[in-house]
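# Close look at the chain arrangement
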Amino acid sequence: GDEGIAYQSCPACRTTWYMRRGFCPSCGNASPATIQASGNGVVYSTAMVTRAPTEALRAYAPYTIVLVDCTEGFRVMAHGEAGLKIGDAVIATYIEFGGRKVPRFCAMT
C-alpha cells in the first residue's frame with residue numbers, strides 16, 4: 001500500500017534526512033538511498049491545532065500535531081493522538097485526513 005514513512009540515507013557519510021532530495025545535504029553525494037522507516041520514535045514536541053488552516057479541514061479541528069524523533073535518526077512532523085507528551089514512545093498508524101492517507105503517531109502500548 002501507500003502507507004509508510006520513507007526517509008533517505010547517504011551511502012557515503014551515513015547522514016539521514018526526511019525531505020526527499022536528489023543529493024546528500026551533508027556531503028553532496030548524488031546517490032541517496034530511500035528507505036522505509038519502522039514508524040517507531042519518541043515525541044519531541046506537541047501542538048494543538050484549534051483553527052484549521054483551510055475550510056475543508058475545519059471539521060477535523062481540534063487535532064494534535066507532533067514532532068517525532070524517529071528511531072532511524074530523522075525528525076518528522078505528523079498528526080498525533082490527543083494526550084501525547086514529550087518523551088512518549090510512539091508508533092505510526094495511518095488515517096484519512098482531508099482526502100489523503102497521512103501518518104498519525106500513537107502511544108506504544
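Counting starts from 1 at the beginning of each chain's written sequence and moves along it residue by residue. Thresholds applied to this predicted model are a pLDDT of at least 70 for local features of residues and 80 or more for the giving and counting of side-chain atom pairs; totals over whole chains, interfaces and linings are not thresholded and use all residues. Hydrogen atoms and water are omitted, and side-chain values are computed over all heavy atoms in the structure.

### A short note on the overall build of the protein chain
Regarding its fold elements, the protein chain presents zero helices and eight strands. Traced from its N-terminal end to its C-terminal end, the protein chain shows the element sequence β-β-β-β-β-β-β-β. A principal-axis box enclosing the C-alpha atoms of the protein chain has dimensions of 45 × 30 × 25 Å. Each of the 109 residues in the protein chain was classed as buried or not, and the buried ones make up 29%. The contact criterion used is simple: two residues touch if any of their non-hydrogen atoms lie within 4.5 Å. Put simply, 45% of the contacts in the protein chain that link residues at least 6 apart link residues at least 24 apart. Numbering of helices and strands starts at the N terminus; helices are DSSP runs of H or I of at least 4 residues and strands are runs of E of at least 2. Note on classification: 1.4 Å probe, protein chains only; a residue is buried when its accessible area is under 20% of the maximum for its type, exposed when over 50%, partly exposed between these limits.

### Things to note about the pattern of salt bridges
Just to be clear on terms, a salt bridge is a Lys or Arg side-chain nitrogen sitting within 4 Å of an Asp or Glu carboxyl oxygen. Tallied over the entire structure, the rule returns two salt bridges. Between Arg-75 and Asp-69 there is a salt bridge whose closest N-O contact spans 2.6 Å. Relative accessible area serves as the criterion here: at 29%, Asp-69 is assigned to the partly exposed category.

### Here we look at the side chain of His-79
Structurally, His-79 is set in strand S6 (residues 75–80). By relative accessible area, which is 11% here, His-79 ends up buried. Excluding anything up to four places from it in sequence, His-79 contacts Tyr-63, Thr-64, Ile-65, Val-66, Phe-97, Val-102, Pro-103, Arg-104 and Phe-105.

### With respect to the environment of Glu-55
Following the sequence through the fold, Glu-55 ends up in the loop between strand S4 (40–49) and strand S5 (63–70). Considered as a pair, Glu-55 and Val-76 are 21 residues apart in the sequence and their alpha carbons are 25 Å apart.

### With respect to the sheet that holds strand S7 (residues 89–97)
Strand order around the closed barrel formed by five strands is S4-S5-S6-S8-S7, with mixed pairing between neighbours. Going across the sheet, the axis of each strand differs from the next one's by a mean of 45°, ignoring polarity. For two strands to count as paired, DSSP must find a minimum of two bridges between them. Comment: axis = line fitted to C-alpha atoms, over the contacting stretch for helices; angle = value between 0 and 180 degrees taken between N-to-C directions.

### As for the packing of aromatic side chains
How two aromatic rings sit relative to each other is set out by the distance from centre to centre and by the angle between their planes. Under the pairing criterion, centres of Phe, Tyr and Trp rings, with the six-membered ring standing for Trp, must be within 6.5 Å; the plane angle then separates stacked pairs below 30 degrees from edge-to-face pairs above 60, leaving the rest tilted. Applying the stated criterion across every chain, the model contains four aromatic pairs. Both rings, one in Tyr-18 and one in Phe-74, keep their centres 5.8 Å apart while their planes meet at 5°; by these two values the pair is stacked. On the criterion of sequence distance, the pair formed by Tyr-18 in the loop between strand S2 (16–17) and strand S3 (33–36) and Phe-74 in the loop between S5 and S6 is long-range, its members being 56 residues apart. Seen from their ring centres, Tyr-63 and Phe-97 are 5.1 Å apart, and the 70° between their planes marks the pair as edge-to-face. Placement of the pair is Tyr-63 in strand S5 and Phe-97 in strand S7, with a sequence separation of 34 residues. A residue is classified by how much of its surface remains accessible, and Tyr-63, at 11% relative accessible area, is buried.

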